[in-house]
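What follows is each chain in one-letter form.
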Amino acid sequence: MDALDLARLQFALTGSLHFLFVVLTLGLAPLVAIMNTRWARTGRPLFERMTRFWGQIYVINYALGIVTGLVMEFQFGLSWSGLSHYAGDVFGAPLAMETLVAFFLESTFLGLWIFGWGRLPKWAHVACIWAVTATAYASAFFIMVANSFLQNPAGAVDAGDRLALVDAGALFTNKTLVFALPHVLGAGLFTGAMVLVGASAYQLRRRTHEQEFFTRSMKTGIVAAAVGITLTVAYGYAQFGGIQDGKFDDNPAAAVPLGLMMEGGNLLSMVVLLFMLPLIRKLPRWRWAHPLLMALTPVPFVLAILGWLARELGRQPWMIWEKLTVADAMTPGLTTGMVTASLTGFVAVLGLLAVVDYVLIARVVRRGPRDLALGATATEQRSPALSH
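Let me sum up the structure you'll find in this document. Since this is a predicted model, take the numbers as computed values, not measurements.

**Considering the nonpolar core**
Counting 115 residues, the largest nonpolar core has Trp54, Trp80, Leu83, Phe91, Phe149 and Ile320 as its most contacted members. Sort the elements by how many residues they give to this core and helix α1 (residues 3-42) lands first, with 17 residues.

This is the structure:
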């Protein structure tokens, strides 16, 4: 493989690994916010424990996902300086906004939510987790604005050897954005919901003592999964109205992941809407169904990656559609050895973070809602044995 192919492979691998964190964050944030709101409204200890348990999983995933996002930022400077030179004045603006939202606003509100437990007024604390959700969605919006510009450079014109932004409204209402954003948010909700369903099925199959806890969690996950998969499939098909002519007809490499994603999405929508949703009251008691629900847990992650690959591969050989090729976007002077070194380092770091993330989450799921650090009282922190 030459340096260009290696640079593309590097971005595909690191982008896919990072997106695994992102899609779960987008899905868990609103679910935890809903649980927190239920607790604030009813005062029921069950909802408090659900908020703490699923909130701790969210925090683990968010913290490690932030680190993987830094690697994505490095790549633009290392491998794709041609893109920054040609379109940085346009493409860089939404990326900068995403960085401000994700690294400052979102993390600030999340910190207030984590450390304000028992210190902030009840509804101020709830407002913090809803602010986390809103800023997570805003972060996704700005990322999709930047990505949609690559698909369709709306609002920009050539100004010598650069692109200049002349219509911000066109940039933020890009035809490839308006349906892609709800598609991604729906996929995130579906992914987070299936984590609830799969983890609850695991605990219920073990005949856990927390029957009410995981029965309620599974039911919440099934309802959210139905909403998420409906949005994902509906807006996925709606996107075809804004796809560039020949994007998939002329690019067989993109057609394969697209076809797999569509068929998988349709199949899962049937499973959720025709099987899981009507049987929502019975599934927590049906131990024979629990292995199936557990096996379905990673499928939304796979479909999300396939969707991302289809969207990006379909744009080849263009970095910016009919404006800048991938070859011209690459940093001049990069050698095969240089890209191989960065590819090895980036993938090793992100791969390790992914393993750590899912090991930590698996431990929390296996342990269940006890010994939780999130929201622990001073008594619990001094006397861990009290929670055994």
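**Things to note about unusual backbone geometry**
Of note, the amide linkage connecting Gln316 to Pro317 takes the cis form, showing an omega dihedral of 10°. In this structure, Pro317 sits in the loop between α10 (299-313) and β3 (318-320). With a phi close to 60°, Glu322 is a non-glycine residue in the positive phi region. With relative accessibility at 56%, the residue Glu322 sits in the exposed group. Non-glycine residue Asp371 carries a positive phi angle of around 55°. Within the element layout of this structure, Asp371 appears in the loop between α12 (336-367) and α13 (378-382).

**Some words on the packing of α1 against α12**
When two helices pack together, their arrangement is given by the angle between the helix axes and the distance between those axes. One can describe the packing of α1 onto α12 by two numbers: an axis separation of 9 Å at closest approach and a directional angle of 15°. Judged by the inter-axis angle, α1 sits roughly parallel to α12. The two elements α1 and α12 cross, and the hand of that crossing is left-handed. Counted by class, the contact of α1 with α12 contains 18 nonpolar, seven polar and one charged residues.

Basis of the calculations
Residues numbered from 1 in each chain as written. Predicted model: local features only at pLDDT ≥ 70, side-chain atom pairs only at ≥ 80, totals over all residues. Heavy atoms only, no water. Core = buried A, V, L, I, M, F, W, Y, C linked by side-chain atoms within 4.5 Å. Buried < 20%, exposed > 50% of the residue type's maximum accessible area, 1.4 Å probe, protein only. Helix = DSSP H or I, 4+ residues; strand = E, 2+ residues; numbered from the N terminus. Axes fitted to C-alpha atoms, helices over the stretch in contact; angles between N-to-C directions. Parallel < 35°, antiparallel > 145°, perpendicular 65-115°, else oblique. Left-handed = near helix turned anticlockwise from the far one by under 90°. Nonpolar A, V, L, I, M, F, W, Y, C, P; charged D, E, K, R; others polar.

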